[in-house]
Amino acid sequence: FTSKLPQVGTTIFTVMSALAAEHGAVNLGQGFPDFECDPLLVEAANHAMKAGHNQYPPMPGVLALREAVAKKIEAIHGRNYSANAEITITAGATQAILTAILAVVHPGDEVIVLDPCYDSYAPNITLAGGTVVRVPLTPGTFRPDFGLISAAITSRTRAMIINSPHNPSATVWSANEMLALQDLLAPTNILLISDEVYEHMVFDQAEHQSAARFSGLAARAFIVSSFGKTFHVTGWKVGTVAAPAPLMSEFRKVHQFNVFTVNTPMQYGLAEYLRNPDPYLQLPAFYQAKRDLFRQGLEGSRLKLLPSEGTYFQCIDISAVSNLRESDFCQWLTQEIGVAAIPLSAFYGGEFDQGVVRFCFAKKNETLLAAIERLRKL
Ligand code: PMP
Ligand code: GLN
């Protein structure tokens, strides 16, 4: 048989985590916390199991959770989504993005992604029979280039995927950038998939500019988020999608035959936990402190730190310490120095090596300090 994804191997995150484990390296590669989530969240899910919430929930998700999500979006971004018709609970953001793409992309349609981007987007588009159109973010700053995006739009462009706060570059789109996108898309029918999984990790008093804040974007957008990131439970694989009812109706047609629905007790647990906004309101300060600890620890070293405006990633320019290609450097760093990182080249379509690697600082302070001690030897 012919592979549907001939270019695809095992994801870089899996590869680097395995290499880190093999060599006993400090794993700052794959993005996940090495600390526990809030025990209250675990208790809430346990309580739901004990209370007998162990059968299928409704196809779009537990209503109490959809209501809590709609309430949160309205409180933060001022847009009202109907819990009944416009919010669906998914098996993480990964499934949400694939399902949105399968729901709207027809064979031969073009979908614009901005390089570098999360590794699932392009294979998802390919699986839907679409054509991936890669538009580079501005080299060096990773800001969107609206001239280039505009030039990439054709009559076949069905959708565009954006991601702010951005994995891997840790940039955060400004309100002006969102407005520029809104203006650019205004005369088109292009749909938007807005990957906002790091929505609650924005630093230095800046605000997350959700597509929900911009009427012209919200009207065409699937807005995707993930409780895995926000509540330190990447293993729970529970995410959300918000979209206007006609789009959500198409989404659910695919969702019901994709996973049908998502595990029940975690949804009840999350609904209960969301009653208190403090955990997500305190997340920026929590991660900003980790970002600053990591950055300060590397000050004065030969590693050049790029800005980290949001997410739990810090990109580092390695050109002053090594001529190796990014992926060779990451392998060497894991094996010889004992710290795992992710090469930025893994997020690009073609061969592109700019000497930048990504570190995840969603780690205990002691983990970060151990990594700093090793990295300072470079
Ligand atoms: N999008 C981005 C940008 C991500 O970084 C991730 C997680 N690595 C995902 C989507 C997937 O999220 P989830 O784990 O909820 O499927
Ligand atoms: N999103 C995580 C990252 O960027 C990894 C998720 C995964 O392993 N697929 O590191």
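Since we're looking at a predicted model, the values are computed, not measured.

Rules of the game
Residues numbered from 1 in each chain as written. Chains lettered and ligands numbered in written order. Predicted model: local features only at pLDDT ≥ 70, side-chain atom pairs only at ≥ 80, totals over all residues. UniProt positions renumbered as here; feature names shortened; annotations may be inferred. Helix = DSSP H or I, 4+ residues; strand = E, 2+ residues; numbered from the N terminus. Pairing = 2+ DSSP bridges. Near = placed C-beta within 6 Å. Nonpolar A, V, L, I, M, F, W, Y, C, P; charged D, E, K, R; others polar. Buried ≥ 20, exposed ≤ 12 C-beta atoms within 10 Å, placed from the backbone. Arc of directions from axis to C-beta. Contact = placed C-beta atoms within 7 Å. Domains from an automatic or database assignment. Axes fitted to C-alpha atoms, helices over the stretch in contact; angles between N-to-C directions.

### Some points on the UniProt feature "domain: Aminotransferase class I/classII large" (unreviewed entry) in the protein
Inference 1: Taking the UniProt record as the reference, the feature "domain: Aminotransferase class I/classII large" (unreviewed entry) is found at residues 26-375.
Inference 2: When the span residues 26-375 is considered, its composition is 40% helix and 16% strand, and the gap between its end C-alpha atoms is 11 Å.

### Quick notes on the sheet that holds strand S10 (residues 313-317)
Inference 1: An order of S9-S10-S13-S12 is seen for the 4 strands of this open sheet, with the pairing classed as antiparallel. The outermost strands of the open sheet, each flanked by one partner alone, are strand S9 (304-305) and strand S12 (342-343).
Inference 2: Note: S12 against strand S13 (residues 356-360), 2 bridges, orientation antiparallel. Of the residues in S13, the one forming a bridge with Pro 343 is Val 357.

### Quick look at the site of ligand 2
Inference 1: Thr 11, Phe 13, Gln 30, Gly 31 and Asn 167 make up every residue found near ligand 2.
Inference 2: Its residues placed into classes, the shell around ligand 2 shows 1 nonpolar, 4 polar and no charged.

### Considerations on the site of ligand 1
Inference 1: In the vicinity of ligand 1, 13 residues are found, and the nearest of them are Gly 92, Ala 93, Thr 94, Asn 167 and Ser 226.
Inference 2: Here the element with the most residues in the shell around ligand 1 is helix H4 (residues 92-104); it accounts for 3 residues.
Inference 3: By residue class, the composition of the shell around ligand 1 is 3 nonpolar, 9 polar and 1 charged.

### Quick notes on helix H15 (residues 365-375)
Inference 1: Taken as a whole, H15 has its buried residues at Leu 368, Ala 371 and Leu 375. Buried residues of H15, viewed axially, fall in a sector of 65°; they line one side.
Inference 2: Of the surrounding elements, those touching the buried residues of H15 are strand S1 (26-27), helix H13 (283-298) and strand S11 (339-340).

### A word on the domain arrangement of the protein
Inference 1: Taken domain by domain, the protein comprises domain 1 (12-30 + 282-375) and domain 2 (39-277).
Inference 2: For domain 1 and domain 2, the distance between their C-alpha centres works out to 26 Å.
Inference 3: On the domain 2 side, the residues contacting the 23 residues of domain 1 number 23 residues.
Inference 4: Elements represented by at least two residues in the side of domain 1 that touches domain 2 include exactly H13 and S10.
Inference 5: If one sorts the elements of the side of domain 1 that touches domain 2 by residue count, H13 sits on top with 5 residues.
Inference 6: Grouping the amino acids of the side of domain 1 that touches domain 2 by side-chain chemistry returns 13 nonpolar, 7 polar and 3 charged.

### Points about the sheet that holds strand S4 (residues 131-136)
Inference 1: Reading across from one edge, S2-S8-S7-S6-S5-S3-S4 is the order of the 7 strands in this open sheet, with mixed pairing throughout. A single partner strand is all that each edge strand has here, and the edge strands are strand S2 (87-90) and S4. Pairwise comparison of adjacent strand axes, ignoring direction, gives a mean angle of 20° for this sheet.
Inference 2: Where strand S7 (residues 221-226) lies against strand S8 (residues 239-242), 4 bridges are found, and the strand directions are antiparallel.

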